[in-house]
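Now for the letters of each chain:
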Amino acid sequence: MSRRSLSARLFLRPTLLLGAALLTIGAGATPPDHEAAIARLLGLPMSVGLVGASERPVFAWVEMRAGVRTLWVSPGPGQSPRRLTDTRRDDGVDLHHLALSRDGATIAWTQGGDGEFPDLPPPNSGHAARGGTQTVWVRATAGEAIPRVLGEGHSPVFSPDGSRVAFLSGGTLLLAEVSGGAATKLAQLPGTIEDLSWSPDGKRLLFVSRRRDHGLVALFDLASAALSYPDPAMTQDVSPIFSPDGRSLAFIRTVAPPFGATGTEASYWSVRVVELATGKAHTAWRATPGAGGRYYGTRTANLFWSADDRLLFPSEASGWVHVMAAPARGGTAVDLTPGEAEVENFTLSADRRTLIYAGNFGDVERRHLWQRPLAGGAARQLTAGDGIEGFPTIAGDALAVVASGVRVPPHAALVKAGGGLVPMVAGGDPAETGDFVAPEPVRFAAEDGVTVHATLFKARGGSKGPHPALIFLHGGPRRQMLPAFHLMPYYANAYLLNQHLAMDGFDVLAINYRSGTGYGRAFREAAETGREGASEYRDVLAAARWLAARRDVDPRRIGLWGGSWGGYLTALGLARDSAIFAAGVDLHGVHDLVRTPPPMLPPEVQARWRETAWQSSPASALDRWRSPVLLVHGDDDRNVDFAQSVRLAEALTARGVKLDTLMLPGERHEFFRYESWVKAYAATDGFLAGALGASPKQ
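Residues numbered from 1 in each chain as written. Predicted model: local features only at pLDDT ≥ 70, side-chain atom pairs only at ≥ 80, totals over all residues. Heavy atoms only, no water.

## Overview of the overall build of the chain
Using the following cut-off: The helix and strand labels rest on DSSP assignments: H or I over at least four residues marks a helix, E over at least two residues marks a strand, and numbering proceeds from the N terminus. Computation of the radius of gyration draws on C-alpha atoms alone. For the globule rule, the value is 2.2 Å times the number of residues to the power 0.38. Note on classification: 1.4 Å probe, protein chains only; a residue is buried when its accessible area is under 20% of the maximum for its type, exposed when over 50%, partly exposed between these limits. Note on definitions: a residue-residue contact is assigned when non-hydrogen atoms from the two residues lie within 4.5 Å. All accessibility values rest on the Shrake-Rupley procedure with a 1.4 Å probe; residue burial counts only the protein chains present in the view.
If you tally the helices and strands in the chain, you get 10 helices and 40 strands. For the chain, whose C-alpha radius of gyration is 26 Å, the value lies close to the compact-globule estimate of 26 Å for 698 residues. Its C-alpha atoms put the chain at 80 × 60 × 55 Å along the principal axes. Each of the 698 residues in the chain was classed as buried or not, and the buried ones make up 58%. Partitioning the intrachain contacts of the chain with sequence separation of at least 6 by distance along the chain shows that 57% fall at a separation of at least 24. Counting only carbon and sulfur atoms, one obtains 52% of the accessible surface of the chain, whose full area is about 27700 Å².

## A word on the domain arrangement of the chain
The condition that has to hold: Throughout the structure description, domain borders are defined by an automatic or database domain assignment. Summed over both partners, the accessible surface that disappears when two parts come together, traced with a 1.4 Å probe, is what is meant by buried area. Salt bridge, as used here, is a side-chain nitrogen of Lys or Arg placed within 4 Å of a carboxyl oxygen of Asp or Glu.
Assigned domains within the chain: domain 1 (47-188) and domain 2 (435-691). Each of domain 1 and domain 2 has a C-alpha centre, and the two are 35 Å apart. Across the contact, 21 residues belong to domain 1 and 12 residues belong to domain 2. Across the domain 1/domain 2 interface, buried area totals approximately 1300 Å², and carbon plus sulfur atoms make up 53% of it. Our count for the contact surface shared by domain 1 and domain 2 stands at one salt bridge. Notably, a salt bridge pairs Asp114 with Arg668, separated by 3.0 Å at the nearest N-O pair.

## Examining the sheet that holds strand 33 (residues 440-445)
Defined as follows: Note on pairing: two strands pair once DSSP finds at least 2 bridges between them. Axis lines are fitted to C-alpha atoms, over the contacting stretch for helices. Their N-to-C directions set the angle, which ranges from 0 to 180 degrees.
Sheet architecture is open: eight strands sit in the order 33-34-36-35-37-38-39-40, paired in mixed fashion. With partners counted over all chains shown, the strands left at the sheet margins are strand 33 and strand 40 (659-664), one partner each. Ignoring strand direction, the axes of neighbouring strands in this sheet form an average angle of 20°. When strand 33 meets strand 34 (residues 451-457), the two strands line up antiparallel, connected through six bridges. Within the sheet, the bridge partner assigned to Val442 lies in strand 34 and is Ala454. The strands touched by helix 9 (residues 643-654) are strand 38 (583-587), strand 39 (629-634) and strand 40; relative to strand 39, the strand with the most contacts, the crossing angle is about 155°.

## Describing the packing of helix 3 (residues 35-42) against helix 10 (residues 674-692)
What counts here: Between 65 and 115 degrees an angle is taken as roughly perpendicular, under 35 as roughly parallel, over 145 as roughly antiparallel, and anywhere else as oblique. By definition, turning the near helix anticlockwise from the far helix through less than a right angle yields a left-handed crossing, and turning it clockwise yields a right-handed one. By the convention adopted, Pro, Cys, Tyr, Trp, Phe, Met, Ile, Leu, Val and Ala count as nonpolar, Lys, Arg, Asp and Glu as charged, and the other residues, Gly among them, as polar.
Closest axis-to-axis distance for the helix 3/helix 10 pair is 9 Å, and the angle between their directions is 135°. Considering their axes alone, helix 3 and helix 10 lie oblique with respect to each other. Handedness of the crossing formed by helix 3 with helix 10: right-handed. Along the contact surface, helix 3 presents Glu35, Ile38, Ala39, Arg40 and Leu42, while helix 10 presents Tyr674, Trp677, Val678, Tyr681, Ala682 and Asp685. Split by residue class, the contact of helix 3 with helix 10 holds eight nonpolar, no polar and three charged.

## Quick look at helix 9
Formally: Each helix should span, by expectation, one fewer than its residue count multiplied by 1.5 Å. As used here, the arc belongs to the directions running from the helix axis to the C-beta atoms.
An ideal rise of 1.5 Å per residue puts 16 Å on 12 residues; helix 9 measures up with 16 Å between its terminal C-alpha atoms. Along helix 9, the positions that sit buried rather than exposed are Gln644, Ser645, Leu648, Ala649, Ala651 and Leu652. Each buried residue of helix 9 sits inside an arc of 165° when the element is viewed along its axis, so together they form one side. Along helix 9, the residues that are exposed and aim more than 90 degrees away from the buried face are Thr653 and Ala654. Buried-residue contacts for helix 9 involve strand 38, strand 39 and strand 40. In the stretch just after helix 9, Gly656 is the one whose phi turns positive, near 75°.

## As for the pairing of strand 36 (residues 507-512)
The following threshold applies: Convention used here: a crossover is right-handed provided that the path from the first strand, over the helix, to the second strand proceeds clockwise when the strands point away from the viewer.
With six of six residues buried, strand 36 is to be regarded as a mostly interior element. Burial of strand 36 is two-sided: the residues Asp507, Leu509 and Ile511 facing one way and the residues Val508, Ala510 and Asn512 facing the other way are all buried. With five bridges joining them, strand 34 and strand 36 adopt antiparallel strand pairing. Counted as the bridge partner of Leu456 is Leu509 from strand 36. Pairing of strand 35 (residues 467-473) with strand 36, which is carried by five bridges, proceeds in the parallel orientation. Across the sheet, the residue bridging to Ala469 is Asp507, located in strand 36. Read as a crossover between parallel neighbours, the route from strand 35 over helix 4 (residues 489-504) to strand 36 is right-handed.

## With respect to the confidence of the model for the chain
Applicable threshold: Scored from 0 to 100, pLDDT records how confident the predictor is in each individual residue.
A residue-level look at the chain finds 94% of positions with pLDDT of 70 or above and a mean pLDDT of 94. In this model, residues 1-28 is a region of pLDDT below 50 whose contacts with residues beyond four sequence positions or in other chains number 41 contacts.

## Looking at the nonpolar core
Keep this limit in mind: Residues belong to a common nonpolar core when they are buried Ala, Val, Leu, Ile, Met, Phe, Trp, Tyr or Cys residues joined through side-chain atoms within 4.5 Å.
One finds Trp561 and Tyr681 to be the most contacted residues of the largest nonpolar core, which totals 60 residues. If you count residues domain by domain, this core takes at least three from each of domain 1 (47-188) and domain 2 (435-691). With 47 residues, the next largest nonpolar core counts Ala469, Ala571, Ala575 and Ala651 among its residues.

## Comments concerning the sheet that holds strand 12 (residues 184-188)
Pairing is antiparallel in the open sheet, where four strands are placed in the order 9-10-11-12. The open sheet has two free edges, formed respectively by strand 9 (154-158) and strand 12, since each of these has just one partner strand. For this sheet, the mean angle separating the axes of adjacent strands, direction not counted, is 25°. Where strand 11 (residues 172-177) lies against strand 12, four bridges are found, and the strand directions are antiparallel. Bridging from a neighbouring strand, Leu175 pairs with Thr184 of strand 12.

## A word on the pattern of salt bridges
For the coordinates displayed, the defined rule picks out 32 salt bridges. Among the ionic pairs, Glu525 bridges to Arg524, the shortest N-O distance being 3.1 Å. Among the residues examined, Glu525 registers a relative accessible area of 29% and is labelled partly exposed. For Arg524, a relative accessible area of 3% gives the class buried. With its nearest N and O atoms 3.0 Å apart, the salt bridge here joins Glu650 to Arg647. One end of the pair is Glu650 and the other is Arg647, both in helix 9 and three residues apart, which spans about a single turn. Taking the relative accessible area as the measure of exposure, Glu650 reaches 43% and is therefore partly exposed. One network of salt bridges, with partners in common, ties together Asp448, Arg514, Glu528, Arg538 and Asp539.

## Quick notes on the packing of aromatic side chains
Our working definition: Only centres within 6.5 Å qualify two rings of Phe, Tyr or Trp (six-membered ring in Trp) as a pair; their planes then separate them into stacked at under 30 degrees, edge-to-face at over 60, and tilted for everything else. A positively charged side chain is recorded as over a ring if its NZ (Lys) or CZ (Arg) lies within 6 Å of the ring centre. The angle to the ring normal must also be within 35 degrees.
Taken as a whole, this structure holds 21 aromatic pairs when the rule is applied. Taking 5.5 Å as the distance between ring centres and 75° as the angle between the ring planes, the aromatic pair formed by Tyr357 and Phe361 counts as edge-to-face. Judged by centre distance (4.6 Å) and plane angle (50°), the ring pair of Phe472 and Trp561 falls under tilted. Residue Phe472 is found in strand 35, and its partner Trp561 is found in strand 37 (residues 553-563); the two are separated by 89 residues along the sequence. Given the relative accessible area of 1%, Trp561 is considered buried. Feature note: the residues Phe472, Tyr490, Tyr491, Trp561, Phe671, Trp677 and Tyr681 constitute an aromatic cluster, connected by ring pairs. In this structure, Arg524 is placed above the aromatic ring of Tyr296, and the distance from its NZ or CZ to the ring centre is 3.6 Å.

Printed below as a string of structure tokens:
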């Protein structure tokens, strides 16, 4: 009998065989304690939040190292970067929303709070007796200046002359003098305020007033204290910007497709321009029905005004996220980044004449940096190799990115004029990553023909015979796992654990299932995903089949682990197919997808929607769940209700399923404390080693 035939039989084995296998594996085996090794990996420094001064080559960023967040500044050529803050504790207090004055002489930042949800009550993962706080701070970037708190709030923005800082708190617009004094309340609006910026002459503030089902562009005149709403509509308006001369503004106007619509049958968005002197508004460009009929932006700025009076914005008209350019006066848009690849983020050079962008052009599994002159000419690749580069940032005449490699965590790096990178802080490959495997991009097909992209971390340790394997499932689900350190800390941490698990003796297959990013709109908007049918689970099953067919993998010992939407898919696999998946770790996953139906649906359609959501939920298959599971969740999670894990734990306990739990008091979805990450990942490692087989010492 062939190995492949044996694998197929084991893949379809009855649940009783699984139970016997687990009893044999676990008998007398005590999983080793790898907490110290995991702590060393998670303690590696990572850089986030890169910003630049517009007039001088001054950059700033936040370094995260073993839970300690430090503000860094690079003052310019020939000067060494230096620390601006001196926190020494893993206190869970985040530093985010950095801003530099135009000349780079002053920096402002938000301290505390949650950058993803800045207008919710601030987290308190460090268990401060008086609770969490969120405040805006400012200090000079030179010398030993003492930081000064401006007030409670977030998202500071400097005036053009650098003398004032505007910032936000819910629907409150605030202003403070850098030189001293209390912050002044300028305006109070319903809902919240987003996308704050100054006019070039420093006389007005531009922002979006977000009011649940609609959002409108607003202007505040500082001299008259007058508030106005240029071109309001029953829409969600985003990304407002001033023209370089300050005489006009532009923004992106969006409408959400109703339930059941594909987003391709109509035009759901446009780019609007308003002349401030007259109040006249016009459409500079409108999406056409088709692949780009619905708006989909990048995770950073999405609208720029070029020196040749064109507006640059993202569009999926080609089926991929590309940068388009259209005349501000109105006209045809030109695709500046053609090809079957996606732009992750983009910006303009200091003179507004060159597009600079990061994307997976030429290598769909990685992201590199490119530039293209707007006046014409071919795109030029600025970075290459097996690493990842993103978040291009301009400061004066300098360009920087956040970069990473197979063995190098995310860090701030300057881009040389001829291409290539120079890290702002020297360091090289950390000793802790010296034994990391080089992840291998692989592809395979699901049963319905969809191509699944994945990254394989081959086992380094363990027995010489067939070994256990794991499928890692990212969250989002609008994400893409990469064959190097991810630039998002949450997934950089996951990359670290996948490398550690490979050294434990596991093959780890990190899959990019349908509904994720990086592979075009059709893949991201695949039919019947999530609560509409969980079609992405077909990709999980395809990954299990691919692993089970490998000669070096024991098909009786295939497990799952993932967080958020990856936690959902982990739970779905264990509930539906305990005969395939021998164990799993579910971090803050969703287990019951039933929600209030979308508006304006007939009662019978609402009933079908609820039933489909229920059948797509792990909760619908609990009676088939047999495999052991570890549940990890913070009880202040604002992305996934902590009750999702509480209810699942209750249900599994009632059914006699082997269950371990780790509750992290005061933690949010993306844990704020290093200690929480270490606990969660050490528990994950120990649980998987115990459930699927012993692992070597590290």
